[in-house]
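Notes for the structure review
In case you want the letters, here they are:
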Amino acid sequence: MSKKPLRIGELLVQSGVLTEAALADVLERQKADRRRLGDLLAERNLVEPRRLAQILSYQLSCPWLSLTNVDLPKALLELVPRDLAIEHTLVPVHLREKNGTTFLYVATHDPTDEVALAAVADAVKMPVRPMVAITFEIRQALTRYYGAPAPSLTTAPIAFKPPAPPAPHQKPAPPKPPPPVPQKKPPTTASAETARIPTVLVLNAPDRFHEQCKLAARSVGATLGQGTLMDAAEKVKDVRPAAIVVTDDIYSFDRAGLNKLAIEADALLVVWSEDVDASQLQPLLEGAVRRVRRAS
């Protein structure tokens, strides 16, 4: 018997972002107003929308992207019927051929919704793969490309309020050091040629951020590669990274290009803000490395 896939709320509890009590409270409220779980979590300042996308990306080893300033071709959009896209809150974003099979990638706020993915696959007559996106951005795209009603202000991302700092007489808990890298035996001569050490590629990283990425990559047993936006395509081809990491200001320069590059390389794209705790970078990279090792 196949294992039942986890839903979004269960994933958030499993990752330590939500308590079971908090999830139960939000789900109870959802019964009354019928809004999406992500909207309710953001409204209550429990999970910031972009953070939610990154958590789902990590937990499900599923790439995530931003739909802001991304132009989708008409031929691609026509693959998915309008009513189906609006009903399931998703948009097609990319076609990719692999080993003779063409896959359609769709941006969705719920990559665990197998009913929606199956419905799209049946309509387009090809395999469908999900990518995580922020709900509000998907609804904006549905309005722009399919003429859906404009998203209401209640679904717009709001300023996320971090937890209040500890009182002056309390000392904040020291950050947890990254776990030690497990010592592994070197591969034998027969397996050395096929063994692949996962690589994390960071683009246009300032010194401080580069050091954070280096520590995070080391903690999950990966090597760190470095490049720029100018030579990103060549670097990706050379190192076949498990993850591509950029800061949010670099991502704003070429959103569409970086999204496409990550999809073509089958790599996780991590868009990182330097003012966020660096310890949260490690679990995102861990998900990407785990996916590469599973494939190997």
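For the structure, see preceding data.
A few points on the structure. Everything quoted here is computed from the prediction, not taken from an experiment.

**Structural notes on the overall build of the protein**
If you tally the helices and strands in the protein, you get 14 helices and seven strands. Counting across all 296 residues of the protein, residues that qualify as buried make up 43%. Carbon and sulfur atoms form 55% of the exposed surface of the protein, whose accessible area is close to 16600 Å².

**Notes on the pairing of strand β6 (residues 243-247)**
Burial within β6 is extensive, with five of its five residues counted as buried. Burial along β6 is two-sided: A243, V245 and T247 and I244 and V246, pointing in opposite directions, are all buried. In the sheet, strand β4 (residues 199-203) pairs with β6 via three bridges, with the strands oriented parallel. Residue pairing in the sheet places V202 in a bridge with V245 of β6. Where β6 and strand β7 (residues 268-272) come together, five bridges link them in parallel fashion. Bridging from a neighbouring strand, T247 pairs with W272 of β7.

Scoring rules and cut-offs
Residues numbered from 1 in each chain as written. Predicted model: local features only at pLDDT ≥ 70, side-chain atom pairs only at ≥ 80, totals over all residues. Heavy atoms only, no water. Helix = DSSP H or I, 4+ residues; strand = E, 2+ residues; numbered from the N terminus. Buried < 20%, exposed > 50% of the residue type's maximum accessible area, 1.4 Å probe, protein only. Areas by Shrake-Rupley, 256 points an atom, 1.4 Å probe, with all protein chains shown as cover. Pairing = 2+ DSSP bridges.

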